[in-house]
Amino acid sequence: MKFGELWRRIVHLGRAPNAADDLRDEMALHAELRARANRDAGMNESDARAAANRRFGNQLAQREVGLDVWGTAWIENIVRDCQRAFRRIGQQRAFAAAVIGMLALGVGATTAMFSVVDAAMLRPLPFADPGKLVVPVQVQLPFALGPPRPRPIGTGPIDVVELGAMRDIVSHVAVYARGGLNLADADHPLRVNVGVVSGDFFATLGVPAYRGRVIRGADAIANAPAVTILSFGLWQRQFGGAEMLGKTISLSDRSYEVVGIMPRGFGFPRESEVWIPMAVPITFETFAAFRGFLDSHVIARIADGVPGPVAAERLRAQWSRRAALDSAPAGERTGVRDALKAIGKVGALYPLRDELAGDSKTRLFVLLGATLILLLIACANVSNLLLSQAAARRQEIAVRTVLGASSRRIVGQLLIESVVLAAIGTALGVALAPALVGTMRLVLPDELTGIAPATIDLRVLLFAAALALVTAVVFGLWPALVASAVAPAQAMNAGGQRTTAGGASRVRRILVGGELALSVVLLVGALLMLRSFEQLMSVDRGMRQREVGTLEMAFPVGRGDRGIRLQRIEEMLARLRGMPGVTAVGATNDLPLGKGGGISVAMKADVGEPKGKSVFVHQMYASPGYFEVMGILLKRGRSFTVADDSLAPHVAIVSEAAGNMYWPGVNPVGHTIKLFSDTAITIVGVVSDVRDGHLSDEGAQIYYPVADQTPQHLALVARGTLGGDAILARMTDAVRAVDRRQAVFNVQMMDKVVSANVAPRRTNTILITAFGALALILAALGVYSVVSYSVSQRKREFGIRSALGASGNQLVRMVTGEMAWIVLVGLTAGMGGAWALSKVLTSLIYGVTVHDPWSFVAAPFLLLVPAIVAAVVPARRASRVNPAEVMRAD
């Protein structure tokens, strides 16, 4: 098309209304001239005009053809169809509300869930060229914890220093870990999340500072000046946005100079609020402030111009060469061959995104799949409603066809109406989505918290727009095609309103069968999750969590020695014990089911090692009274007393599981173990097992007296007759009365600790159960709408049957019997689909099998009952049809 013609069409589009009037006037003029010529030829007035009209044909159709020449008629048609769609919505408010409500529900849930999946797995990480950020497999972090052990260059396991020198593979290599430190404040000391990072960390991520500078290599060496960077949020919240560059802050009694402020929203790793340097190789000083342990991670940036697969293959080749040079004798492992085996399974490099998403992919895709199933059920219901409406509009469509409207034009109009309904439903769904996102954020992996929040952004809005278009076509195309295929003569017939098109009827039944099948899949999944969560919450936790207050703190390394820490702990417990309303107090290093973590150790028992694989037990510390506060039962021996301090013989208490591992069939009391030295530790008691990691994990514990070891991280626990807020306030007052500089955190009741532990599983269960319940309601509505419409269209038939002697019960059985086959087929198909798809829930359920018989029996029954009710209620109307009224209507 030439530019001049394109320009004429654009100009014509602007004056389209005037052009249509001009064309109508011109055609009327030509018709009048033809009629005048006919009169001059001897015809009378009526014959002359009739002959002229026959000569020109349908003027409306001719005008549309004329406007089509300019290529703008389709735009005008769309505008007119949209106007008609909005008028019809105003005329049929109940119908429109039902359609829009179903779509808003389906689109809102799907959009909210997509925002979470997008944040976790699709959206680029907020780093420079995030596709080049990878995690090197088996690359080690060097430690400087003892005398160096020299080895030839190019042998042994690859560490981060050696990887950083491989410039043909990576351009940057960094190490990061996450911990917590106390930020000093005269009135309100607080605990802050700390990112402990190597000197190349920010260069690897490609994230500059908002103000000042980032941590550099010179900051991450032994004896370098202590520097730190603040997050934007902490800078604003704690320091009011005041100038902080060059000033010092105290983190766990050590001074750090603030050299930079990070940009708003940056909080990697996992909502870090400050960042401090990590020296590589790691030293004792690095670990000291973090309970002697840092869960460190290695990341790297692939070198420019090097494709990811090529970099991974080059690194794997380095490992292969080292394995070939490994001359360690059999039985002396260097780790190279084991590393090469691991690399063979997962590759030498994999994306940082996969590392951060962890094992949450299955959970997120299951939830997204559930929302899509719910959306399909909603679309099926809407299609049924539109089919019913199309049947009711047969005469209108027939009249338009007789007047010259083509099938394409009719389909287009009906599709536009569907698009308008979908657009309104999508807009309401998007408005509803933020409220749903708040709940769905709980299923985001912890590692992505702070860097990839689930939000309704442009990507999600584009997804919602695409969803609106797809759903409009899915639920609108079939009804439009069925409606456009109506024969005008049949539709104009007087009885045409009372005859149901066989094709449309079959389509409605197929849609209802599909709804039922999809609903069964969701219901089975919901019942499996409910059964799993019920089993999880009913496990014996080994403790009594109700009415127990908890409070955590971490003592700075530099604030006194072990004796001073112990003195403060005893003073805090004594003050708390003396407060009214407090009946029992205690202390431990890690709360059961809390987020403290801790370490597990392999003990050396006096009867030898457990047979089979290595056994690790969780290393815990407990004060006198701790077991009583937590309701942990003493099964054998004795509990700790105030005499069990560092001057007394070393003692420990083991859980039943730990005792059975090391002393099967034998009373552990009186036996001894050794840990990191030759000092024997005597077992003086056995207590019940406690679920201390996750509620679904069975653990084993060993407890040492707090007075003997005095851990740096401590949790106070207290039981009393007070309400939750009151006992927590007393616990905080007891700590501040002893040391006002001591920061406390996670001040909460033990019930909340347990609740937070199961929050992801609970959220999964609630969401899938809600989707299942909505699917159940929508499926019942689908059955009701189909049977109700069928009854309304078959009144004449029912009247004749009644006149011929059919009873009301016979008519009800006939109508429900026809629907029974659809329900049976839908339930059967759904059971088969649920049986096949339930395997994806393997990692999400606990205590039940994926083919749990109870769930597979209950799901179709739950759906069958409302389906029967939904079929019987409208079917009973058929039994009340008056034959005389039907005959008179004919």
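Residues numbered from 1 in each chain as written. Predicted model: local features only at pLDDT ≥ 70, side-chain atom pairs only at ≥ 80, totals over all residues. Heavy atoms only, no water.

Asker: Could you give an account of the overall build of the protein chain, naming the residues involved and the relevant values?
Answerer: Helices and strands together make up the secondary structure of the protein chain, namely 30 helices and 22 strands. Counting every position in the protein chain, which comprises 890 residues, the buried fraction comes to 49%. In the protein chain, once contacts between residues fewer than 6 apart in sequence are set aside, the share between residues at least 24 apart is 80%. For the protein chain, the exposed surface amounts to about 41,300 Å²; the carbon and sulfur share of it is 59%. (Helix = DSSP H or I, 4+ residues; strand = E, 2+ residues; numbered from the N terminus. Buried < 20%, exposed > 50% of the residue type's maximum accessible area, 1.4 Å probe, protein only. Contact = heavy atoms within 4.5 Å. Areas by Shrake-Rupley, 256 points an atom, 1.4 Å probe, with all protein chains shown as cover.)

Asker: So what about the nonpolar core? Which residues, and what values?
Answerer: Formed by 118 residues in total, the largest nonpolar core has its most connected members in Phe 127, Phe 201 and Phe 202. Setting aside residues up to four positions removed in sequence, Phe 202 forms contacts with Val 197, Val 207, Val 214, Ile 215, Ile 229, Met 262, Phe 266 and Trp 275. By size, the runner-up hydrophobic cluster in this structure holds 52 residues, among which are Ile 169, Leu 181, Leu 234 and Val 298. (Core = buried A, V, L, I, M, F, W, Y, C linked by side-chain atoms within 4.5 Å.)

Asker: An account of the packing of aromatic side chains is requested, with residue identities and associated values reported.
Answerer: Tallying each qualifying case throughout the model produces 19 aromatic pairs. With 6.2 Å between their ring centres and 70 degrees between their planes, Phe 202 and Trp 275 make a pair best called edge-to-face. You can see Phe 202 sitting in helix α8 (residues 201-205) and its partner Trp 275 sitting in strand β8 (residues 274-277), a full 73 residues away along the chain. Side by side, Phe 202 and Trp 275 carry an identical accessibility label, which is buried. Note on Tyr 210 and Trp 235: the rings are 6.3 Å apart at their centroids and 55 degrees apart in plane angle, and the pair reads as tilted. (Phe/Tyr/Trp six-rings, centres within 6.5 Å; stacked < 30°, edge-to-face > 60°.)

Asker: So what's going on with unusual backbone geometry? Residues and values would help.
Answerer: Cis geometry is found at the peptide bond from Phe 268 to Pro 269, where omega equals 5 degrees. Mapped onto the secondary structure, Pro 269 falls in the loop between β7 (254-261) and β8. Here Val 280 and Pro 281 are connected by a cis peptide whose omega angle stands at 5 degrees. Notably, Arg 270 is not glycine yet its phi reads approximately 40 degrees, a positive angle. Its place among the elements puts Arg 270 in the loop between β7 and β8. If you check the backbone angles, Glu 547 has positive phi at about 65 degrees while not being a glycine. When you line up the elements, Glu 547 lands in the loop between α19 (502-537) and β11 (548-554).

Asker: Quick rundown of the environment of Ala 836? Include the residues and the values.
Answerer: Structurally, Ala 836 is set in helix α28 (residues 808-837). Between the alpha carbons of Ala 836 and His 851 there is a distance of 9.3 Å; along the sequence they are 15 residues apart.

Asker: Kindly report on the packing of helix α20 (residues 562-577) against helix α24 (residues 724-738), identifying the contributing residues and their values.
Answerer: Two elements in contact, α20 and α24, have axes whose closest approach is 9 Å; the angle formed by their N-to-C orientations is 135 degrees. Between α20 and α24, the interaxial angle falls into the category oblique. In this structure, the crossing between α20 and α24 has a hand that is right-handed. Counted together, Arg 568, Glu 571, Met 572, Arg 575 and Leu 576 of α20 and Arg 730, Met 731, Ala 734, Val 735, Ala 737 and Val 738 of α24 form the full contact between these two elements. Broken down by class, the residue content of the contact of α20 with α24 amounts to seven nonpolar, no polar and four charged. (Axes fitted to C-alpha atoms, helices over the stretch in contact; angles between N-to-C directions. Parallel < 35°, antiparallel > 145°, perpendicular 65-115°, else oblique. Left-handed = near helix turned anticlockwise from the far one by under 90°. Nonpolar A, V, L, I, M, F, W, Y, C, P; charged D, E, K, R; others polar.)

Asker: For helix α9 (residues 232-239), give the residues involved together with the corresponding values.
Answerer: Buried within α9 are the following residues: Phe 232, Leu 234 and Trp 235. For α9, the elements touching its buried residues are β2 (170-183), β3 (190-197), β4 (211-212), β5 (227-230), β7 and β8. Looking at the residues trailing α9, positive phi occurs at Gly 240, about 65 degrees.

Asker: I'd like a description of α28, backed by residues and values.
Answerer: The end-to-end C-alpha distance of α28, which contains 30 residues, comes to 43 Å, matching closely the 44 Å that a straight helix rising 1.5 Å per residue would cover. Those residues of α28 that sit buried are Leu 811, Val 812, Met 814, Val 815, Thr 816, Met 819, Ile 822, Val 823, Gly 826, Leu 827, Gly 830 and Ala 834. (Expected span 1.5 Å × (residues − 1).)

Asker: If you had to explain the packing of helix α6 (residues 93-122) against helix α16 (residues 407-440) to someone new, which residues and values would you point to?
Answerer: As a packed pair, α6 and α16 sit with axes 6 Å apart at the nearest point and diverge in direction by 45 degrees. Of the possible angle classes, the one that applies to α6 and α16 is oblique. Classified by chirality, the crossing of α16 by α6 is right-handed. The residue inventory of the contact of α6 with α16, partitioned by class, reads 20 nonpolar, six polar and no charged.

Asker: How would you summarise the side chain of Ser 623 if you had to cite specific residues and measurements?
Answerer: With respect to the helices and strands, the residue Ser 623 is situated in the loop between β15 (617-622) and α21 (626-630). For Ser 623, a relative accessible area of 4% translates into the label buried. With sequence-adjacent residues up to four places away left out, Ser 623 is seen in contact with Leu 573, Gly 586, Ala 587 and Val 706.

Asker: Please provide a residue-by-residue account of the side chain of Asp 708, values included.
Answerer: Within the secondary structure layout, Asp 708 lies in helix α23 (residues 706-709). By relative accessible area, which is 8% here, Asp 708 ends up buried.

Asker: Account for the pattern of salt bridges, with residues named and values stated.
Answerer: The tally for this structure, following the rule as stated, stands at 14 salt bridges. Arg 213 serves as the salt-bridge partner of Asp 219, at 2.7 Å between the closest nitrogen and oxygen. Judged by its relative accessible area of 11%, Asp 219 is buried. The network of salt bridges with shared partners includes Asp 118, Arg 123, Asp 457 and Arg 459. (Salt bridge = Lys/Arg side-chain N within 4 Å of Asp/Glu carboxyl O.)

Asker: Could you give an account of the confidence of the model for the protein chain, with specific residues and numbers?
Answerer: Residues of the protein chain with pLDDT of at least 70 account for 85%, and the chain-wide mean is 81. When the criterion is pLDDT under 50, residues 494-501 qualifies, and its contacts beyond four places in sequence or with other chains add up to 15 contacts. (pLDDT = per-residue confidence, 0-100.)

Asker: Which residues make up a nonpolar patch on the surface, and what values go with them?
Answerer: On the surface, a nonpolar cluster with roughly 530 Å² of combined accessible area is contributed by Tyr 784, Phe 861, Leu 862, Val 865, Val 869 and Val 873. For the nonpolar patch, the element with the highest residue contribution is helix α29 (residues 853-878), accounting for five residues. (Patch = residues over 30% accessible without salt bridge, like charges linked within 9 Å, V, L, I, M, F, W, Y side chains within 5 Å.)

Asker: Outline the environment of Ile 868, supporting the account with residue identities and numerical values.
Answerer: The topology assignment puts Ile 868 in helix α29. Considered as a pair, Ile 868 and Tyr 784 are 84 residues apart in the sequence and their alpha carbons are 9.2 Å apart.

Asker: Explain the pairing of β3 to me, and be specific about the residues and the numbers.
Answerer: Burial runs high along β3: six of the eight residues are buried. The pairing of β2 with β3 spans eight bridges and is antiparallel. Along β3, the bridge assignment pairs Ala 177 with Val 196. Where β3 and β8 come together, four bridges link them in parallel fashion. Pairing of Gly 195 across the sheet is with Trp 275, part of β8. (Pairing = 2+ DSSP bridges.)

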